[in-house]
Amino acid sequence: MKKHNFGAGPCILPVEVLQKASEAVINLDNSGLSLIEISHRSEPFVKIMDKARSLVRELLDIPASHSVIFLQGGASLQFMMIAQNLIKKGGKAAYTDTGVWSSKAIKEAKLFGNIEVIASSENNDYRNIPKEYIIPSDIDYFHCTSNNTIYGTQMRHFPECPSVMVCDMSSDIFSREIDVNKFDLIYAGAQKNMGTAGATLVIVRDDILGKTGLKIPIMLDYKEHIYRESMNNTPPVFAIYVSMLTLQWVKDKGGVKALEKMNTEKAKLLYDAIDNNKYFKAKVSGQDRSLMNVTFDVENSKSELFELLCSENGIVGIKGHRISGGYRASIYNAMPIESIRVLVDIINKTQ
Ligand SMILES: *Cc1c(COP(=O)(O)O)cnc(C)c1O
């Protein structure tokens, strides 16, 4: 039976990507060599890295002022790297707290400076995106999380920022158009919407770097990674290759704009089904609803039936995060609308 994997991450990838990636592990482009055995400094791999970088630039229309690098350590390592690279001695940064991932980012940054939480949706169990806040100008940077994977909230608008603007886009990068000019640093772990675990994408405006007056170890210094074109040490070759293939797939689909349209349509289908069933309740309402992670509750009397129908129809990965409970359907770029129709059918049948 076909499985419909609604898991939040690692995410599903397009079948074509999995096919090509598995072939390359055995025999990269008929070279007679495996992707994961060749030198990362060999021409074939350098070309893969260049292609991955240029696809990122092209798909997000990145200005020349910004560099694109692939790092390791996941988005979680970025929580501290941002702070270490941007907070000056005795400096401070401002954060919005929109749930687990931003809280973790805040905790790590506190090791490097004074962190001010200027807005939080904690008292609403993180079911909304805070909007009424003022970003101070006497900070080294402002940090926000564009899509809150666990709670299913997403920023529709980004505030004007009088300082350096940093955003964790791990779970919605390449899912919608963004104006990269508005951001000074964007980071994303690859495994939600871009590829497989092991690579982290960082897009950074070069001229914000090197200003802390503090020494940074090489592996944690963005400037070094930019200078060495993400080849400071052995990069995660397989993860970068899978990202490259996925980005090529995004391009072939018509780019980010086309995907945004499809993602909007997919999410609407699902939210409508939830809103139209009296036993179901979306956790987030209105504008703040995520197009990537649809979170909802099912009335106790119907949850057994719902789960039974899910398992009978090959739906997996739909349990909510252990922190927030309920259910969560993650519908990233690669999730086909056909799978969403299967879930919608089940929601309609849960009566
Ligand atoms: C998953 C996730 C992270 C953590 O990513 P890792 O690559 O596992 O460290 C951080 N931020 C957001 C928004 C996420 O969804």
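Thresholds applied
- Residues numbered from 1 in each chain as written.
- Predicted model: local features only at pLDDT ≥ 70, side-chain atom pairs only at ≥ 80, totals over all residues.
- Heavy atoms only, no water.
- Axes fitted to C-alpha atoms, helices over the stretch in contact; angles between N-to-C directions.
- Helix = DSSP H or I, 4+ residues; strand = E, 2+ residues; numbered from the N terminus.
- Parallel < 35°, antiparallel > 145°, perpendicular 65-115°, else oblique.
- Left-handed = near helix turned anticlockwise from the far one by under 90°.
- Contact = heavy atoms within 4.5 Å.
- Nonpolar A, V, L, I, M, F, W, Y, C, P; charged D, E, K, R; others polar.
- Near = heavy atom within 4 Å.
- Polar contact = N/O pair within 3.5 Å; in protein donor to acceptor, adjacent residues only side chain to side chain.
- Salt bridge = Lys/Arg side-chain N within 4 Å of Asp/Glu carboxyl O.
- Buried < 20%, exposed > 50% of the residue type's maximum accessible area, 1.4 Å probe, protein only.
- Expected span 1.5 Å × (residues − 1).
- Phe/Tyr/Trp six-rings, centres within 6.5 Å; stacked < 30°, edge-to-face > 60°.
- Lys NZ or Arg CZ within 6 Å of the ring centre and 35° of its normal.
- Pairing = 2+ DSSP bridges.

Contact pair helix α3 (residues 74-86) / helix α4 (residues 100-109): the axes reach a minimum separation of 8 Å and the direction vectors enclose 40°. When the interaxial angle is binned, α3 and α4 end up oblique. For the crossing formed where α3 meets α4, the hand is right-handed. Residues Ser76, Phe79, Met80 and Ala83 of α3 pack against Trp101, Lys104, Ala105, Glu108 and Ala109 of α4. Of the residues in the contact of α3 with α4, the class split is 6 nonpolar, 1 polar and 2 charged.

Around the ligand, 13 residues are found, and the nearest of them are Ser76, Thr149, Asp168, Gln191 and Lys192. Between the ligand and alanine 75, the relevant distance is 2.9 Å, taken from an oxygen atom to a main-chain nitrogen or oxygen of the residue. Here an oxygen atom of the ligand sits 2.9 Å away from a polar atom, N or O, in the side chain of glutamine 191. The greatest single-element share of the shell around the ligand, amounting to 4 residues, is contributed by α3.

Overall, the coordinates contain 16 salt bridges when judged by the stated rule. Between lysine 88 and aspartate 140 there is a salt bridge, and its shortest N-O distance comes to 3.2 Å. You can see lysine 88 sitting in the loop between α3 and β3 (92-97) and its partner aspartate 140 sitting in the loop between β4 (114-120) and β5 (141-145), a full 52 residues away along the chain. Its relative accessible area of 37% is what places lysine 88 among the partly exposed residues.

Taking 1.5 Å per residue as the helical rise, helix α9 (residues 337-349) with its 13 residues ought to reach 18 Å, and the 18 Å between its terminal C-alpha atoms agrees with that figure. Turning to α9, its buried residues are Ile337, Ser339, Ile340, Leu343, Val344, Ile346 and Ile347. Looking at the buried residues of α9, the elements they touch are β1 (4-5), α7 (255-275), β11 (280-282), α8 (300-312), β13 (315-316) and β14 (327-330).

Take the packing of aromatic side chains next. Using the criterion set out here, one finds 10 aromatic pairs in the structure. Where phenylalanine 296 meets tyrosine 327, the ring centres are 5.7 Å apart and the plane angle is 20°; that geometry is what we call stacked. With phenylalanine 296 in strand β12 (residues 293-298) and tyrosine 327 in strand β14, this residue pair connects regions lying 31 residues apart in the sequence. The burial state of phenylalanine 296 is the same as that of tyrosine 327; both residues are buried. Clustering of aromatic rings is evident, with ring pairs tying together Phe280, Phe296, Phe306 and Tyr327. Above the plane of the ring of tyrosine 279 lies lysine 302, whose end atom (NZ or CZ) is 4.8 Å from the centre.

What follows covers the pairing of β5. For β5, the buried fraction is high: 5 of the 5 residues fall into the buried class. Alternating positions in β5 separate into two faces, Tyr141, His143 and Thr145 on one and Phe142 and Cys144 on the other, with burial throughout. Bridge count between β3 and β5: 3 bridges; the pairing is parallel. Residue alanine 93 lies in a different strand from β5, and its bridge partner there is tyrosine 141. Pairing between β5 and strand β8 (residues 165-168): 4 bridges, direction parallel. Bridge assignment links threonine 145 to a residue of β8, and that residue is aspartate 168.

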